Amino acid sequence: MNIQWYPGHMTKAKRAMQEDLKLIDLIIEIVDARIPYSSRNPDIDELGKNKARLILLNKSDLASETWNEAWAKWFLQQGFYVVKVNSKSGAGLKQIHSVVQEACKEKIERDRKRGIINRPVRAMVVGIPNVGKSTFINSFAGKACTKTGNKPGVTKGNQWIRLNKSLELLDTPGILWPRFENQEVGKRLAFIGSINDEILNKEELALDLLKFMMAQYPQVLKERYGILEGSEGTQEQVLAKGMEQIAKSRQCLLKGNEYDYKKAANLFIDDYRSGRLGRITLEFPKEKDEA
């Protein structure tokens, strides 16, 4: 399955972002803690040259805490400020104000020397679709400032939000990049729901996710669905048996008691996205260091 998704509105959103960059002091980039590297738009690094940078590892409650720590360390080594957050519960949000002040201390000091006091830091909030930008902004502001939704593409245009005297946020639509050179990146984005499900083969996607889980988290599959390790046969046969067991355990049946693999695939992907499989990280810093 070749995954590519770059609807026309993203080109317009990228142009608007380029225009607004001259107005801002800091880029707050929200990534999904389950795929911190694959959920970063590589264009942001080019667009954000010479700007202070803060990475928020959002949905950190859905990712392994061990790997959350490893990714935070990795990003710090790349020169970013980093905070682990869960925008839905508000965990980690209180740390952000002090980190923003630290990231922008040179700008604040320049203003002070020029006699400019209490000019707010202007931060652009960026991220790919469905990483939780709007949920973050609403939680951070303590009020509903933006529309949210559990699907990509809810935010359509740029919007300024004044949080307090020291910080203003510019909310931007989620944008991807025109082409995924590495299809593993495309798959991981599809796993977490950042690609429009309507263009995906969900049954094939579920098999790819199952393959990863069998390699990295076999115990989770055993506890959730009763899938046992060490099944005999080719990889295709092992995956087919695993999907059959998911259908059996979740009672996905058609007329005549045949297994409904389409329904099983959708339930399996939903189980992952919602966190019902536990805290599952899909990629690891060592992969980037070896690349």
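Look above for the structure.
Residues numbered from 1 in each chain as written. Predicted model: local features only at pLDDT ≥ 70, side-chain atom pairs only at ≥ 80, totals over all residues. Heavy atoms only, no water.

1. Overview of the pairing of strand β1 (residues 26-32)
Operational definition: Burial classification: accessible surface area is computed with a 1.4 Å probe over protein chains only, and a residue below 20% of its type maximum counts as buried, one above 50% as exposed, and the rest as partly exposed. Numbered from the N terminus, helices here are DSSP runs of H or I no shorter than four residues, and strands are runs of E no shorter than two. Whether two strands pair depends on DSSP finding at least two bridges between them. A clockwise course of the path from the first strand over the helix to the second, judged with the strands pointing away from the viewer, identifies a crossover as right-handed.
Counted residue by residue, β1 has seven buried out of seven residues, so it is predominantly covered. Residues Leu26, Ile28, Ile30 and Asp32 point to one face of β1 and Ile27, Glu29 and Val31 to the other, with burial holding for every one of them. Relative to strand β2 (residues 52-58), β1 runs parallel, the two sharing seven bridges. Of the residues in β2, the one forming a bridge with Ile30 is Leu56. Note that the unit made of β1, helix α2 (residues 42-47) and β2 has a crossover that is right-handed. As judged from the four bridges shared by β1 and strand β4 (residues 121-126), these two strands associate in the parallel manner. Looking at the pairing, Ile28 lines up with Val125 of β4.

2. As for the environment of Lys51
To be explicit about the condition: The contact criterion used throughout is that any non-hydrogen atoms of two residues lie within 4.5 Å. N or O atoms within 3.5 Å of each other form a polar contact, as long as, within protein, one can give a hydrogen and the other can take it, and as long as residues adjacent in sequence are counted only when both atoms are side-chain atoms.
Structurally, Lys51 can be placed in the loop between α2 and β2. In this structure Lys51 comes out as partly exposed when scored by relative accessible area, which is 24%. On a C-alpha basis, the gap between Lys51 and Trp177 in space is 20 Å, while along the polypeptide they are 126 residues apart. Setting aside chain neighbours within four positions, we find Lys51 in contact with Leu21, Lys22, Ile24, Asp25 and Ile27. Among the polar contacts listed, one links the side chain of Lys51 to the backbone oxygen of Leu21, at a separation of 3.0 Å.

3. Re helix α4 (residues 96-103)
Here is the rule: Think of the arc as the fan of directions from the helix axis to the C-beta atoms.
Residues of α4 that are buried: Ile96, Val99, Val100 and Ala103. The buried residues of α4 occupy one face: seen down the axis, they fall within an arc of 105°.

4. Quick look at the pattern of salt bridges
Definition in use: Counted as salt bridges are all cases of a side-chain nitrogen of Lys or Arg within 4 Å of a carboxyl oxygen of Asp or Glu.
Throughout the structure, instances matching the rule amount to 27 salt bridges. Between Glu69 and Lys84 there is a salt bridge whose closest N-O contact spans 2.5 Å. Linking Glu69 in helix α3 (residues 65-77) with Lys84 in strand β3 (residues 81-84), this pair joins segments that are 15 residues apart in sequence. Here Glu69 falls in the partly exposed class, since its relative accessible area comes to 42%. Classification of Lys84 as partly exposed rests on a relative accessible area of 24%. Ionic pairing is found between Arg273 and Asp197, a salt bridge with its closest N-O pair at 2.9 Å. Of this pair, Arg273 sits in helix α11 (residues 261-274) while Asp197 sits in the loop between α7 (183-192) and α8 (202-216), and the two are 76 residues apart along the sequence. For Asp197, a relative accessible area of 29% corresponds to the partly exposed category. Counted as one network, the salt bridges with shared partners bring together Arg224, Arg250, Asp270, Asp271 and Arg276.

5. Describing the nonpolar core
Our working rule: Take the buried Ala, Val, Leu, Ile, Met, Phe, Trp, Tyr and Cys residues and link them wherever side-chain atoms come within 4.5 Å; each set so joined is a nonpolar core.
Counting residues in hydrophobic clusters, the biggest one holds 75 residues, and the most contacted among them are Leu26, Ile96, Phe136, Met213 and Phe268. Here the element with the most residues in this core is α8; it accounts for six residues. Once you skip the residues sitting within four places of it in the chain, Met213 turns out to touch Pro218, Val220, Leu221, Phe268, Leu277 and Ile280. In this structure, Ala33, Leu57, Ala63 and Trp71 belong to the second largest nonpolar core, which totals 11 residues.

6. Concerning the packing of α8 against α11
Test applied: Between N-to-C directions, angles cover 0 to 180 degrees, with each direction set by a line fitted to C-alpha atoms, over the stretch in contact for helices. To sort the angles, those under 35 degrees are grouped as roughly parallel, those over 145 as roughly antiparallel, those from 65 to 115 as roughly perpendicular, and the leftovers as oblique. When the near helix sits turned anticlockwise from the far one by under a right angle, the crossing is termed left-handed; a clockwise turn instead gives a right-handed crossing. Residue polarity follows a fixed list, in which Ala, Val, Leu, Ile, Met, Phe, Trp, Tyr, Cys and Pro are nonpolar, Asp, Glu, Lys and Arg are charged, and the others, Gly among them, are polar.
Between α8 and α11, whose axes approach to 9 Å, the crossing angle comes to 55°. For the element pair α8 / α11, the angle class is oblique. Of the two elements, α8 crosses α11, and the hand of that crossing is left-handed. Counted together, Lys202, Glu203, Leu205, Ala206, Leu209, Leu210 and Met213 of α8 and Tyr261, Lys262, Ala265, Asn266, Phe268, Ile269, Tyr272 and Arg273 of α11 form the full contact between these two elements. When its residues are assigned to classes, the contact of α8 with α11 shows 10 nonpolar, one polar and four charged.

Read these as spatial facts, not as claims about activity.
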